[in-house]
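Listed below, chain by chain, are the residues.
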Amino acid sequence: MSVNSVPSNLISATIEKESFYHGLMPREDVRLILDKNGQFLVRMSEPKQGEPRSYILSVLYNNKLDDFNAVKHFVINCQQRKYFINTNVSFSTIQDMIAYYQKGNIEIQDGCKLVSSVSRQFWELDHEMITIQAKLGEGAFGEVAAGTMNFKRRGKTVKVAVKQAKAEKLDKEQIKCFMAEARTMRKLGHQNVVKFYGVAVMQEPLYLVMELVSNGALDSYLKKNEDLSMEKRIEMLLQVAWGLEYIHGKPMLHRDIAARNCLYGDGKVKISDFGLTRNGTFYQVKPNTKAPIRWLAVETIKTMICSQKTDIWSYGILCWEVFNNGAEPYPGMTPADVAQQVSSGYRMPPHPLAPLEVQTLTTRCCAENPNDRPTAPEVAQILQRVTGVHRPNFAAIAKKEAEELLLMNTATMKNYSHRRKGTQRKPCVPRGM
Ligand SMILES: Nc1ncnc2c1ncn2[C@@H]1O[C@H](COP(=O)(O)OP(=O)(O)OP(=O)(O)O)[C@@H](O)[C@H]1O
C-alpha cells in the first residue's frame, strides 16, 4: 500500500463517527465554515481520477480578513496502518493523532496548532436519513431520483428529489461543480426557487437533496398539458419573474433560465438547476464553454459576457416556451442557424393571443440593446398588474420555512450528539433566508 492511500476497511469504521469528520467536503466549503484561528476539521480529499484518496486535516491559521489561503490543508499519511503528518510521530487512529496535537498544544508545522474542532453543519446530511425511490430523470452528474428524507428526532418525513453523483465516475472538476451548485442553493430561500435541504457527502454516491416538486420539469408539464389557459400561463411567467427577481437581488446570475430548468408543483413554478449560477452581476464565460444557444442573448453569443440582462433574454425565450406548450425555441433551426439569425436581428414573434402588454414585454426581453430590456422587478410588476395576482410577502414566507427547517435539522443534529463525541456547533440560519 502506498503512502497516503486510505485502507478501505478503515474508512467507515472509525472516522465517520466523529463530528469533526466532513467526508468529501471541498476546500471552498471548508473556508466558509472555519472562522476562528485554530479551528479544524478532517475531510477526504477530492479524488483525482486514478489516484488514491487521502484524509486531510484542514486548519484555519493566521486568518486575516477572509484570506482564502489562511486554511492549511495537511495530508494525513497512512502507512502500515499508522497515521501521520510528520514522519517523526505516528498513531493508530486519526483520533489519537488529533488528541496528541490538540490536547498537547503541539504545533503541527510553522506555528499551526489545533484549538477546537468544527462539527458538521445542519446542511451536511447523513445518507441514512435518505431513502431513494423512483428515478425521475438523468442529470449532468448521474441519476436524479425521488425519495424521502427522515428528520429523526421529530419523526418528520419529507418528500425529496436527490441528485446523485458517483465520485469515482466524475473528475475533480465535476465534483467541484456538484458542490458549487449546493453552495449556491444554500444561499437561496424563496417560494419560486427550489428548496435545498443539504448534501450527503460521507459516502458515495454523493447526494444533493432538495424538495420534490410534484409535476417535475416545466417543459414536460407544458407538453402534457396543452389545454392550459392563457391566464394560467401568464401566472406561471409571473412566478418565474418573482424567482428571478430574488436571484438577481442576491446578486447572482442564473445563466440557464429555460423551461427545462424550472419545476412545477402545487400551483407554483420554481427555478432550479443552479449549475451555471455565478455570484455578482457580470460574468465572462471561458472560451469554448458549451452554451444553451437557443436561450442565449445576442451580445452573449458575440462576446460571451453575461449580465442580468442575459437572464432577462433567456426569460423572454422561456415566455415563448410557455406560450408554445414547451416546444423547442426557433423550430426547424439548428443551433448554428439560431446564432446566425439572432445575430442578424431575427426574433421569434410574440404569441398573438397573449394580451398586448405581455406581447410588448416579451419583445422587450429580447431587445438588441440590453439596456432596453426590462429588469426582473419590472417584469414582475407588469405581470402582477396584468394578472391582478397579489404579491406575497416573500421574506415572511422564507423566514417561516427556514425556521421550520432549522428546527427539524437542529433536532437531527442533537440526535447526532448522542452518538458522536466532539464539540457541537450551533447551526445557523442559511444566509439569505
Ligand atoms: N426537485 C425536483 N423535483 C422533481 N423533479 C425533479 C427535481 N429535480 C430534478 N427533477 C427531474 O429530474 C430531471 C433531471 O434533473 P436536472 O435537469 O435538474 O439535472 P441536472 O444534473 O441539472 O442536469 P442538466 O444540468 O443536464 O440539466 C429533471 O428534468 C426533472 O424531471
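So, how was this worked out
Residues numbered from 1 in each chain as written. Predicted model: local features only at pLDDT ≥ 70, side-chain atom pairs only at ≥ 80, totals over all residues. Heavy atoms only, no water. UniProt positions renumbered as here; feature names shortened; annotations may be inferred. Near = heavy atom within 4 Å. Polar contact = N/O pair within 3.5 Å; in protein donor to acceptor, adjacent residues only side chain to side chain. Helix = DSSP H or I, 4+ residues; strand = E, 2+ residues; numbered from the N terminus. Nonpolar A, V, L, I, M, F, W, Y, C, P; charged D, E, K, R; others polar. Buried < 20%, exposed > 50% of the residue type's maximum accessible area, 1.4 Å probe, protein only. Arc of directions from axis to C-beta. Contact = heavy atoms within 4.5 Å. Pairing = 2+ DSSP bridges. Axes fitted to C-alpha atoms, helices over the stretch in contact; angles between N-to-C directions. Salt bridge = Lys/Arg side-chain N within 4 Å of Asp/Glu carboxyl O.

The chain goes by Tyrosine-protein kinase in an unreviewed UniProt entry, where it is assigned to Caenorhabditis nigoni. Taken verbatim from the UniProt record of the chain, the Catalytic activity (unreviewed entry) comment is "L-tyrosyl-[protein] + ATP = O-phospho-L-tyrosyl-[protein] + ADP + H(+)". In UniProt, the chain has this text filed under Sequence similarities (unreviewed entry): "Belongs to the protein kinase superfamily. Tyr protein kinase family."

Visitor: An account of the site of the ligand is needed here, citing residue identities and associated values.
Guide: In the vicinity of the ligand lie 17 residues, with Ala140, Lys163, Glu211, Val213 and Asp273 positioned nearest. The separation between an oxygen atom of the ligand and a polar main-chain atom of Ala140 is 2.8 Å. With respect to the ligand, the side chain of Asp273 contributes an N or O atom lying 2.5 Å from an oxygen atom. Elements supplying a minimum of two residues to the shell around the ligand: strand E6 (130-138), strand E8 (156-165) and strand E10 (206-211). Taken together, the residues that form the shell around the ligand break down as 10 nonpolar, three polar and four charged.

Visitor: Account for helix H3 (residues 94-103), naming residues and giving values.
Guide: All of the buried residues in H3 are Ile94, Gln95, Met97, Ile98 and Tyr101. The buried residues of H3 occupy one face: seen down the axis, they fall within an arc of 160°. On its buried face, H3 is in contact with strand E1 (39-44), strand E2 (55-60), strand E3 (71-79) and strand E4 (82-84). Once H3 ends, the next one or two residues include Asn105, with phi positive near 55°.

Visitor: Explain the sheet that holds E3 residue by residue, including any values.
Guide: Paired through backbone hydrogen bonds, the strands of a sheet run either parallel or antiparallel to each other. The strand order across the open sheet built from five strands is E4-E3-E2-E1-E5, with neighbouring strands paired in mixed fashion. In this open sheet, the two edge strands, each paired with only one partner strand, are E4 and strand E5 (116-117). Two strands pair when backbone bridges link them, and E1 and E5 are joined in this way by two bridges, in the parallel orientation. Bridging from a neighbouring strand, Phe40 pairs with Ser117 of E5. Most of the contacts of H3 go to E1, to which it runs at about 160°, and overall it touches E1, E2, E3, E4 and E5.

Visitor: Break down the pairing of E2 for me, citing the residues and quoting the values.
Guide: Across a regular strand the side chains alternate sides, sitting on one face of the sheet and then on the other. Counting buried positions along E2 gives six out of six residues, so the element sits mostly inside the fold. In E2, alternate side chains face the same way, and those of Tyr55, Leu57 and Val59 on one face and Ile56, Ser58 and Leu60 on the other are all buried. Note that E1 and E2 share five bridges and pair antiparallel. Bridge pairing links Phe40 to Val59 in E2. Judged from the six bridges that link them, E2 and E3 form a sheet pairing that is antiparallel.

Visitor: Break down the pattern of salt bridges for me, citing the residues and quoting the values.
Guide: Overall, the coordinates contain 21 salt bridges when judged by the stated rule. In this structure, Lys163 engages Asp273 in a salt bridge whose closest nitrogen and oxygen atoms are separated by 3.7 Å. Of this pair, Lys163 sits in strand E8 while Asp273 sits in the loop between strand E13 (268-271) and strand E14 (278-279), and the two are 110 residues apart along the sequence. Given the relative accessible area of 14%, Lys163 is considered buried. Among the ionic pairs, Glu368 bridges to Arg347, the shortest N-O distance being 2.7 Å. Of this pair, Glu368 sits in the loop between helix H10 (356-365) and helix H11 (376-387) while Arg347 sits in the loop between helix H9 (335-343) and H10, and the two are 21 residues apart along the sequence. For Glu368, a relative accessible area of 42% gives the class partly exposed.

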